[in-house]
Amino acid sequence: MDVPNHVAIIMDGNGRWAQKQGLKRSAGHLEGSKTLEKIAIHAKKMGVKVLSVYAFSTDNFKRDKEEVDYLMDLIIKYFNTKFDKLAKNGIKVVVSGRRNNIREDVKQAIETVEEKTKDNKEAILNICFNYGGQEEIIDGAIRLAQDLNKGLKIDNFKREDFYKYLYHDLPPIDLLIRTGGEYRVSNFMLYQMSYSEFYFTNTYFPDFDKSEFNKAIFTFQNRDRRFGGINDKKSS
Ligand code: IPE
Ligand code: IPE
Ligand code: MG
């Protein structure tokens, strides 16, 4: 059975997971970060080549300063400690998102982890942080315009050609998972999800374990992907 090449997860429900048990929202984010480590290693073992995760959106700055600060501190702590384990598992970490308006220490931690894991070849973990899907397309369009000014010819520009103007040149998303029970994409990887299969679960992200992940993969394997064509094998 085909394993999806690129899986993306909107890791939602951390806050509600914590509130349900009378804890502060931050406890949910901490637990979610532990879940992410487990899922990243498991996904690689299953044969997934690229795992993209939504860790902090450009719109998440609308939250209380206390929560935003906690999330900024958490990503630094995470990159400085837990990511050695990902590195040892052959996982290359890349971070997608805007860097101009984030704290200097967060920027440093991102650059260090990207540098430390850059030669890893087994799988890619793409962490979307201070990320917006529309922002990514706008930033790419600006870079394309700059290349045009330098003389780039675009008579034959195809949709595949735009990937190299995105934050990282990653393949299209095969399977998009959203935990936490909401049915929306919240400005996640809009360009890359044009033909993704969607999988929604009510499970809050901290509870999203290996068996939940496997269930999503199994569902994907039973979908009939047609990409606008007709699948002779499955239609009758
Ligand atoms: C997702 O969990 C993580 C981030 C957005 C940082 P939430 O914090 O959105 O959790 P809920 O949706 O409020 O439960
Ligand atoms: C999406 O979740 C962003 C992340 C998971 C980082 P949100 O909780 O921010 O999305 P909305 O507000 O429910 O659309
Ligand atoms: Mg949420």
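A. Just empty space enclosed by the protein, in detail. The full count for this structure, using the stated rule, is 1 cavity of 30 Å³ or more. Approximately 50 Å³ is the volume found for the largest cavity. Taken together, Ala40, Ala43, Lys44, Val48, Lys49, Val50, Leu51, Ile91, Ala123, Ile124 and Leu125 make up the full set of residues lining the largest cavity. Secondary structure elements with two or more residues in the lining of the largest cavity: α2 (25–46), β2 (50–57) and β4 (123–131).

B. A look at the site of ligand 2. What surrounds ligand 2 is the set Ile10, Met11, Asp12, Tyr54, Ala55, Phe56, Asn60, Arg63, Arg178, Arg184 and Ser186. Within the side chain of arginine 63, a nitrogen or oxygen atom sits 3.3 Å from an oxygen atom of ligand 2. The side chain of serine 186 places a nitrogen or oxygen atom 2.6 Å from an oxygen atom of ligand 2. Judged by the fraction of its atoms near the pocket grid, ligand 2 is located in the largest pocket. No other element matches the 3 residues that β2 contributes to the shell around ligand 2. Here the residues of the shell around ligand 2 are counted per class, giving 5 nonpolar, 2 polar and 4 charged.

C. Broad picture of α2. In a regular helix each residue adds 1.5 Å, so 22 residues correspond to 32 Å; α2 covers 31 Å between its end C-alpha atoms and thus fits that length. Positive phi appears at glycine 47, one or two residues downstream of α2, with a value of about 100°.

D. Geometry of the packing of aromatic side chains. Taken as a whole, this structure holds 14 aromatic pairs when the rule is applied. Relative to phenylalanine 129, the ring of phenylalanine 56 has its centre 5.5 Å away and its plane inclined at 35°; by these criteria the two rings are tilted. In this pair, phenylalanine 56 sits in strand β2 while phenylalanine 129 sits in strand β4, placing the two residues 73 residues apart along the sequence. For the pair shown, phenylalanine 56 and phenylalanine 129 are each scored as buried.

Calculation rules
Residues numbered from 1 in each chain as written. Chains lettered and ligands numbered in written order. Predicted model: local features only at pLDDT ≥ 70, side-chain atom pairs only at ≥ 80, totals over all residues. Heavy atoms only, no water. 1 Å grid on protein atoms, 1.4 Å probe; cavity = no way out; pocket = protein on both sides within 12 Å on 5 of 7 lines; lining within 4 Å. Points joined across faces, edges and corners; volume = space filled by probe spheres on them. Helix = DSSP H or I, 4+ residues; strand = E, 2+ residues; numbered from the N terminus. Near = heavy atom within 4 Å. Polar contact = N/O pair within 3.5 Å; in protein donor to acceptor, adjacent residues only side chain to side chain. Sits in = over half its atoms within 2 Å of the grid points. Nonpolar A, V, L, I, M, F, W, Y, C, P; charged D, E, K, R; others polar. Expected span 1.5 Å × (residues − 1). Phe/Tyr/Trp six-rings, centres within 6.5 Å; stacked < 30°, edge-to-face > 60°. Buried < 20%, exposed > 50% of the residue type's maximum accessible area, 1.4 Å probe, protein only.

This is a description of form; function is not addressed.
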